[in-house]
Amino acid sequence: MTTGDRVAIDVGGLRMRYGRADVLHDVTFQARHGEVPALLGPNGAGKTTTIEILEGFRARSRGRVQVLGTDPARGDERWRARIGVVLQSWRDHGRWRVRELLAHLGSYYARYSAPGIPRPWDADALIEAVGLAPHAGKKIKTLSGGQRRRLDVAIGLVGRPELLFLDEPTAAFDPQARHEFHDLVLRLVRTGGTTVLLTTHDLAEAEKLADRILVLDGGRVIADGTGAELARRIAGPDEVRWVLGGRRHVEKTEDSTAFARDLFARHGAAVRELEVRRASLEQTYLALVRRAEAATEAPR
Ligand SMILES: Nc1ncnc2c1ncn2[C@@H]1O[C@H](COP(=O)(O)OP(=O)(O)OP(=O)(O)O)[C@@H](O)[C@H]1O
């Protein structure tokens, strides 16, 4: 079994009830190490509740949950040190300076270094990685909203987590900060093999970062697959267009990669203007949610 096959998150039959309201019904999914699943869904779908249960911050009502091989309800300090959480916003310690706070929080992780995973992340290198270098010596209360958000991300990363929870990480980022943050997450995944569970309402962000999409609606998983798989389920086959010998061609296909491979094998460089069209994640998501809501509202 390779590292990529190992399961980082295993959730089965998860239920959550707040008082008399059931907000998660039988949620089941898995994520492998190094995978980036995005949990999407309308407001109130249960994304934050699910993430908080996985982080060990909220006790579930029923079901099986294993995160890095441990039930989060029983996770000890060693388990917690392997997990990074980017909270909504770090409001405490306003008088601390950025470098000082990260070095202080990082010192907690030193005893949890593992072979190949030196902990913590060096404060200056981390500050550079999240784009806070010009602000390293500033007091936290003087940072702008977007700069604080970068600090939130740095706090989530300081222990070099094997699994990172990002709950709407780039809300309040300017476009450049968002772009840099995406590059940072992709680097962490590619070079460090970090598993990232993302929730976001930004479908372009999900499309860029996630290799798997889970859609939660009304506390139920209504879709689980790659963006391409879900698009095909909703909008049908991909459409491949190309020009050959001055003539335009259009074909529908279930497997556009194999189709294109075959096309080039047969015609080589004579193939021009190749284009693969499929529903965007936004179109797919909206169609899935509309469909689920129509099914709930349909008279029995
Ligand atoms: N502490 C709580 N007590 C009672 N009900 C709660 C509590 N926290 C959340 N809920 C309810 O549980 C449901 C799921 O909420 P949750 O915050 O998990 O949704 P979400 O998908 O993260 O939404 P959003 O996109 O708005 O952040 C909602 O109906 C919410 O009102």
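Bear in mind the structure is a predicted one, so any value in this text is a computation, not a measurement. (Residues numbered from 1 in each chain as written. Predicted model: local features only at pLDDT ≥ 70, side-chain atom pairs only at ≥ 80, totals over all residues.)

1. Some words on the site of the ligand
Around the ligand, the neighbouring residues are Tyr 18, Val 23, Gly 41, Asn 43, Gly 44, Ala 45, Gly 46, Lys 47, Thr 48 and Thr 49. Considering every element that reaches the shell around the ligand, the biggest residue donor is helix H1 (residues 47-55), with 3 residues. Taken together, the residues that form the shell around the ligand break down as 3 nonpolar, 6 polar and 1 charged. (Near = placed C-beta within 6 Å. Helix = DSSP H or I, 4+ residues; strand = E, 2+ residues; numbered from the N terminus. Nonpolar A, V, L, I, M, F, W, Y, C, P; charged D, E, K, R; others polar.)

2. Quick word on unusual backbone geometry
In this model, Arg 119 is joined to Pro 120 through a cis peptide bond whose omega is 0°. Here Pro 120 is to be found in the loop between helix H3 (98-107) and helix H4 (123-129). With a phi angle near 55°, Asp 26 is a residue other than glycine that sits in the positive phi range. Tracing the chain through its elements places Asp 26 in strand E2 (residues 21-32). Judged by C-beta crowding, with 14 C-beta atoms within 10 Å, Asp 26 ranks as partly exposed. (Buried ≥ 20, exposed ≤ 12 C-beta atoms within 10 Å, placed from the backbone.)

3. A look at the packing of helix H8 (residues 227-235) against helix H10 (residues 281-297)
Two elements in contact, H8 and H10, have axes separated by 9 Å at closest approach and are oriented at 55°. As judged from the angle between their axes, H8 and H10 are oblique. By crossing handedness, the relation of H8 to H10 is classed as left-handed. Contact residues: H8 offers Gly 227, Leu 230, Ala 231, Ile 234 and Ala 235, while H10 offers Leu 281, Gln 283, Thr 284, Ala 287 and Leu 288. By residue class, the composition of the contact of H8 with H10 is 7 nonpolar, 3 polar and no charged. (Axes fitted to C-alpha atoms, helices over the stretch in contact; angles between N-to-C directions. Parallel < 35°, antiparallel > 145°, perpendicular 65-115°, else oblique. Left-handed = near helix turned anticlockwise from the far one by under 90°. Contact = placed C-beta atoms within 7 Å.)

4. Describing the environment of Ala 171
Mapped onto the fold, Ala 171 is located in the loop between strand E6 (163-167) and helix H6 (175-192). Put simply, Ala 171 and Arg 149 are 22 residues apart on the chain and 8.4 Å apart in space, counted from C-alpha to C-alpha.

5. Remarks on helix H9 (residues 256-267)
In a regular helix each residue adds 1.5 Å, so 12 residues correspond to 16 Å; H9 covers 16 Å between its end C-alpha atoms and thus fits that length. Among the 12 residues of H9, 1 are classified as buried, and the element is accordingly described as predominantly exposed. (Expected span 1.5 Å × (residues − 1).)

6. Considerations on the sheet that holds strand E8 (residues 212-217)
Reading across the sheet, the 6 strands line up as E5-E6-E7-E3-E8-E9 and stay open at both edges, with mixed pairing between neighbours. Each of the sheet's edge strands pairs with one partner strand only, and the pair in question is strand E5 (83-86) and strand E9 (220-225). Between one strand axis and the next, the sheet turns by 15° as a mean value, whatever way the strands run. H1 rests against strand E3 (37-40), E5, E6, strand E7 (195-199) and E8 of the sheet, and its axis sits at about 155° to E6. Running over the sheet, helix H5 (residues 145-157) touches E5 and E6 and is turned about 165° from E5. (Pairing = 2+ DSSP bridges.)

7. Concerning the confidence of the model for the protein
Reading fine detail from the predicted coordinates is not recommended where pLDDT is low. Within the protein, residue pLDDT values average 91, and 96% of them lie at 70 or more. For this predicted complex, the interface score ipTM comes out at 0.96, alongside a pTM of 0.86. (pLDDT = per-residue confidence, 0-100.)

8. Brief notes about the environment of Val 7
Looking at where Val 7 falls in the secondary structure, it is placed in strand E1 (residues 7-18). Contacts of Val 7, omitting those with residues within four sequence positions, involve Gln 30 and Arg 32.

9. Section: the domain arrangement of the protein
What the domain assignment lists for the protein is domain 1 (1-82 + 162-235), domain 2 (94-158) and domain 3 (236-297). Between domain 1 and domain 2, the C-alpha centre-to-centre distance is 23 Å. Taken together, the contacts link 11 residues of domain 1 with 11 residues of domain 2. Of all the secondary-structure elements, those providing two or more residues to the side of domain 1 that touches domain 2 are helix H2 (77-81) and H6. Sorting elements by how many residues they give to the side of domain 1 that touches domain 2 places H6 first, with 4 residues. Taken together, the residues of the side of domain 1 that touches domain 2 break down into 8 nonpolar, no polar and 3 charged. (Domains from an automatic or database assignment.)

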